[in-house]
Amino acid sequence: MSRMDYCLLLPFTLGISLLWPCFMATEISQTEEVKHPVDSHLRVKRGWMWNQFFVPEEMNKTNYHIGQLRSDLDNGNNSFQYKLLGAGAGSIFVIDERTGDIFAVQKLDREERSLYTLRAQVIDSTTGRAVEPESEFVIRVSDINDNEPKFLDEPYEAIVPEMSPEGTLVIQVTANDADDPSSGNNARLLYSLLQGQPYFSIEPTTGIIRTSSKMDRELQDEYWVIIQAKDMLGQPGGLSGTTSVLIKLSDVNDNKPIFKESFYRLTVSEAAPTGTSIGKIMAYDNDIGENAEMDYSIEDDSQTFDIITNNETQEGIVILKKKVDFEHQNDYRIRANVKNRHVDKQLLKYHEEASSTLIKVQVEDEDEPPVFLLPYYLFEVFEGGPQGSFVGTVSATDPDQRNSPIRYSITRSKMFSIDDNGTIITTNALDREINAWYNLSITATEKYNVQQISAVPVYVQVLNINDHAPEFSEYYDTYVCENADPGQIPQTFEKSANTGNS
Ligand SMILES: [Ca+2]
Ligand SMILES: [Ca+2]
Ligand SMILES: [Ca+2]
Ligand SMILES: [Ca+2]
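Residues numbered from 1 in each chain as written. Chains lettered and ligands numbered in written order. Predicted model: local features only at pLDDT ≥ 70, side-chain atom pairs only at ≥ 80, totals over all residues. Heavy atoms only, no water.

Where an unreviewed UniProt entry is consulted, the chain appears under the name Cadherin-19 isoform X4, with the organism given as Panthera pardus. As stated in UniProt under Subcellular location (unreviewed entry), the record for the chain gives "Cell membrane". (UniProt positions renumbered as here; feature names shortened; annotations may be inferred.)

Here you go:
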């Protein structure tokens, strides 16, 4: 095999040389080759380097000259014919059969295919025989920066607790650049913040977003942060892509509940039973959820009132713990406090000095019916007495403040009458043999409000005039006034008997 030295001819191991086009001489290896052609043989050992052509992707020329194949045996006078075989031969790549010049006739996209493996043949057209064995070489598509960085995990959303210290990690965003990472800076990205300062910052090389100031959810609860990724290490002329990140602040319990009103006025009827809810008070908490749950309390541990929380509305419901009596006490002043139910230790500083409010409870007077001094009365009267004989006295009073005078009456009785002092007298002579007992019902009516009526049972025993004074001890036992209200004087039967005798 004869060998010839050619300037710019790059030796193939199999004898075909690739002739580098002059305008490709910007590549270092090519430049060196141009300057030191005598070294070319020495570089055969790095043969793969030279067994390849380069073609830039997205070239604009219709016939891009990639290089030239040349047999060492071709002295220019031979009728050699060069042929191209393999991927893209004849469609993407064509060869000038006579000169061995290779052209790309289509635009190439490195990101679609970066390497073509082709085979070359050189044939003596006069004999039709191969001049040299077939040789393989590659065409590499060299990268240009034609892809902008793209964020792949959109949409981005992150949550960070409010009041987080500066530098708290929020999220990492990553963009992808389809260009060749080994080709210059075509795929080397730098991240920057287009919107979001001064609350957030981004690490230029990693895309890690951190907080750069303390934020209060109660002032603003979400932020749109816009991130740019730029290739060429952010240098001018690079391509860029942007994305947005929605950053939401989660709540921490940094607000204590506060009463909006420093004074509440509530009323309760003295007739209200225990357990009655008599009104609502309300504190406001700027936090949300569990951080706004609150408990109310009464400062002096009131015996009369209690406050419970409506867990739906967080209102405080004032409850009557013990019945009230207008005539006894007609107003109450209670001081209520409010606190959050759940407070982390490290947030206690936000919860010092619980908010408090004053509640004035006015007791409303009820128009109550008259109250008899005793739950029932038992009188004795001797038979045979004249009409108008004294039987006994009942007494009822209006429990209300205006203390209405009372009118008494006896229901359906022909034998007794009662006057406005409650004194019962006979209206007919009594005969024990006809009737020894009378069961009466005496009503008391308030003169100021005749709707207010009470009744009391009155038992009248008619005594035999010839008898000794009766023994009452058994009756006394039977009728001990255990149901009498506190403060009422229990009637003594002895006294009644004496009264009856007088
Ligand atoms: Ca790029
Ligand atoms: Ca590219
Ligand atoms: Ca909060
Ligand atoms: Ca709170």
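What follows concerns the environment of Asn403. Structurally, Asn403 is set in the loop between β31 (396-397) and β32 (406-410). With a relative accessible area of 47%, Asn403 lands in the partly exposed category. In sequence terms Asn403 and Pro370 are 33 residues apart; their C-alpha atoms lie 9.3 Å from each other. (Helix = DSSP H or I, 4+ residues; strand = E, 2+ residues; numbered from the N terminus. Buried < 20%, exposed > 50% of the residue type's maximum accessible area, 1.4 Å probe, protein only.)

Within the protein, the atoms that donate to the calcium ion (ligand 2) are Glu57 (OE), Glu111 (OE), Glu111 (OE), Asp143 (OD), Ile144 (O), Asp146 (OD) and Asp179 (OD), at distances of 2.2 to 2.7 Å. Mapped onto the polypeptide sequence, the residues donating to the calcium ion (ligand 2) form the spacing pattern E-x53-E-x31-D-I-x1-D-x32-D. (Donors = N, O, S within 2.8 Å, 3.2 Å for Na, K, Ca; no water.)

Before going further, it helps to examine unusual backbone geometry. With omega at -5°, the peptide bond leading from Glu154 into Pro155 counts as cis. When you line up the elements, Pro155 lands in the loop between β11 (150-151) and β12 (156-161). Between Gln197 and the following residue, Pro198, the backbone shows a cis peptide bond with an omega angle of 0°. Residue position: Pro198 is located in the loop between β15 (190-195) and β16 (200-202). Phi is positive for Met163, close to 65°, though the residue is something other than glycine.

The full count for this structure, using the stated rule, is 14 aromatic pairs. Taking 5.3 Å as the distance between ring centres and 85° as the angle between the ring planes, the aromatic pair formed by Phe53 and Phe137 counts as edge-to-face. Residue Phe53 is located in strand β3 (residues 52-56), and its partner Phe137 is located in strand β10 (residues 135-142); the two are separated by 84 residues in the primary sequence. Considered together, Phe53 and Phe137 belong to a single accessibility category, that of buried residues. When the ring of Phe372 is compared with that of Tyr408, the centres are 6.4 Å apart and the planes differ by 50°; the resulting orientation is tilted. Note that Phe372 is positioned in strand β28 (residues 371-372) and Tyr408 in strand β32, a separation of 36 residues in sequence. Considered together, Phe372 and Tyr408 belong to a single accessibility category, that of buried residues. Joined through ring pairs, the aromatic side chains of Phe372, Tyr377, Phe379 and Tyr408 make up one cluster. Across the ring face of Tyr284, the terminal group of Lys260 is positioned such that the distance to the ring centre comes to 4.1 Å. (Phe/Tyr/Trp six-rings, centres within 6.5 Å; stacked < 30°, edge-to-face > 60°. Lys NZ or Arg CZ within 6 Å of the ring centre and 35° of its normal.)

This paragraph deals with the coordination of the calcium ion (ligand 3). The protein atoms that coordinate the calcium ion (ligand 3) are Glu162 (OE), Glu218 (OE), Glu218 (OE), Asp251 (OD), Val252 (O), Asp254 (OD) and Asp287 (OD), at distances spanning 2.2 to 2.7 Å. Of note, the calcium ion (ligand 3) draws all its donor residues from one chain, in the sequence arrangement E-x55-E-x32-D-V-x1-D-x32-D.

Strand order in this open sheet of four strands is β12-β19-β18-β15, and the pairing throughout is mixed. Pairing within the sheet leaves two strands with one partner each, and these edge strands are β12 and β15. Between one strand axis and the next, the sheet turns by 35° as a mean value, whatever way the strands run. Two elements, β12 and strand β19 (residues 240-250), share six bridges in a ladder whose sense is parallel. (Pairing = 2+ DSSP bridges. Axes fitted to C-alpha atoms, helices over the stretch in contact; angles between N-to-C directions.)

Take the pattern of salt bridges next. Throughout the structure, instances matching the rule amount to 14 salt bridges. Residue Asp74 pairs with Arg70 through a salt bridge whose shortest N-O separation is 3.7 Å. By the burial criterion, Asp74 is buried, and Arg70 matches it. The salt bridge partner of Lys360 is Asp331, with a shortest N-O separation of 3.8 Å. With Lys360 in strand β27 (residues 355-364) and Asp331 in strand β26 (residues 331-340), the pair connects residues that are 29 residues apart, well separated along the chain. Classification of Lys360 by relative accessible area gives buried; the value is 13%. In this structure, a network of salt bridges that share partners links the residues Arg110, Glu111 and Asp143. (Salt bridge = Lys/Arg side-chain N within 4 Å of Asp/Glu carboxyl O.)

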